[in-house]
Amino acid sequence: MRLGFAGLGLMGRPMAANLLRAGMGLRVYNRSSGPAQALARLGADIAGSTGDLFASCDAVILMLADDAATDAVLGRGESEFASRVRGRLIVNMGTHSPGYSRGLERDVFASGGRFVEAPVSGSRGPAEAGELVAMLAGAPDAVADARPLIAPMCREIIDAGAVPRAMAMKIAVNLYLITSVTALAEATSLAAATGVGLEQFRRVITNGPLGSGVAAAKLGKMVTRDFTPQAAVGDVMKNARLVAEAVRGVEGDAPLLAESLARFECLARRGGASLDMAAILMSYEEEAAAA
């Protein structure tokens, strides 16, 4: 099966690199040429356009920033959409609302294509290590064909059922992730304010029952002040808004999410949209300095 990959950003580039390292032939497309050129050195073919990508592939993985970017690459709403998806397997690994994903599946089916949603849990670090956790949803035959295509990027693959259950699961996972990192920043701020050694604090958290890969990575960044992005604030804000939309859709309440989103938005307004989400610690530091 000839495989294509579109979207070589913070997550997409290392994901595609792992496919190449696993020996999979890959044709890649990215709006800017730099990331594609880097993958060419690993053996990727570069598609000159989105049309070229689809014309030369039997299956295409999408790892794009948002709804608009995904629609643009697919040509959705344009005459070329049908020819791009007809007879092809579309595997969408980006994060979107469940409603968007359901509508995209419907349109792909109507044009004679197959569709699988496969959002992932993990940031740049797990993407580089091939340790993402993917959630798959779609028709059983399509999911069966998608599974080996994404396996080199993943530590585990969870079957979620029909579209959009994988996307709904990703939304719930993101609620936990976003609020957990906010809570970690709040605790780190308290530790610093009370004179606790942050390196010792880090060791207690990461080696104790509260330890996790996320806690280790984000607390390490907070302690060392290294906010090089693994999960950028701008992307986290997009995901937090998708969570908030889902909560409103079930007439629920998510006060921890609301607090987190407000802090990320404040950080972005101060020029921090490209920093790692661990930089939310700065919002607590600014409050302490102003008190």
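For the structure itself, look to the data block above.
Trainee: So what about the side chain of Arg263? Which residues, and what values?
Mentor: For Arg263, the location among the structural elements is in helix α13 (residues 255–272). Since its relative accessible area comes to 10%, Arg263 is described here as buried. Of note is the side chain of Arg263, whose polar atom sits 3.0 Å from the side chain of Ser283. With near-sequence residues (within four places) excluded, Arg263 lies in contact with Thr182, Ile280, Ser283, Tyr284 and Glu287.

Trainee: Explain the state of the cysteines to me, and be specific about the residues and the numbers.
Mentor: Going through the model one piece at a time under the given rule, you end up with 0 disulfides. As a non-bridged cysteine, Cys154 has Cys57 as the owner of its nearest cysteine sulfur, 19 Å distant. In this structure Cys154 comes out as buried when scored by relative accessible area, which is 12%.

Trainee: Please set out the nonpolar core residue by residue, giving values where relevant.
Mentor: Phe5, Met15, Ile61, Met93, Leu136, Ile150 and Met153 are the most contacted members of the largest nonpolar core, which totals 35 residues. If sequence neighbours within four positions are ignored, Met153 has contacts with Phe5, Met15, Leu19, Ile61, Met93, Gly130, Glu131 and Leu132. In terms of nonpolar packing, the next biggest core, distinct from the first, is built from 32 residues, Ala191, Val236, Ala240 and Leu261 among them.

Trainee: Just give me the short version of the pattern of salt bridges, but keep the residues and values in it.
Mentor: Proximity of charged atoms lets side chains of opposite charge pair with each other. A full pass over the atoms with the stated rule returns 17 salt bridges. The salt bridge partner of Asp71 is Arg76, with a shortest N-O separation of 3.2 Å. Glu199 serves as the salt-bridge partner of Arg202, at 2.6 Å between the closest nitrogen and oxygen. Within this pair, Arg202 and its partner Glu199 are both found in helix α10 (residues 198–207), separated by 3 residues, close to a single helical turn. Note on Arg202: relative accessible area 24%, which makes it partly exposed. The class of Glu199 is partly exposed, set by a relative accessible area of 36%. Counted as one network, the salt bridges with shared partners bring together Asp71, Arg76, Arg106 and Asp107.

Trainee: Outline helix α8 (residues 140–150), supporting the account with residue identities and numerical values.
Mentor: Along α8, the residues that are buried comprise Ala142, Val143, Ala146, Leu149 and Ile150. The arc that holds the buried residues of α8, viewed along the axis, is 120 degrees, so those residues lie on one side.

Rules used throughout
Residues numbered from 1 in each chain as written. Predicted model: local features only at pLDDT ≥ 70, side-chain atom pairs only at ≥ 80, totals over all residues. Heavy atoms only, no water. Helix = DSSP H or I, 4+ residues; strand = E, 2+ residues; numbered from the N terminus. Buried < 20%, exposed > 50% of the residue type's maximum accessible area, 1.4 Å probe, protein only. Polar contact = N/O pair within 3.5 Å; in protein donor to acceptor, adjacent residues only side chain to side chain. Contact = heavy atoms within 4.5 Å. Disulfide = S-S within 2.5 Å. Core = buried A, V, L, I, M, F, W, Y, C linked by side-chain atoms within 4.5 Å. Salt bridge = Lys/Arg side-chain N within 4 Å of Asp/Glu carboxyl O. Arc of directions from axis to C-beta.

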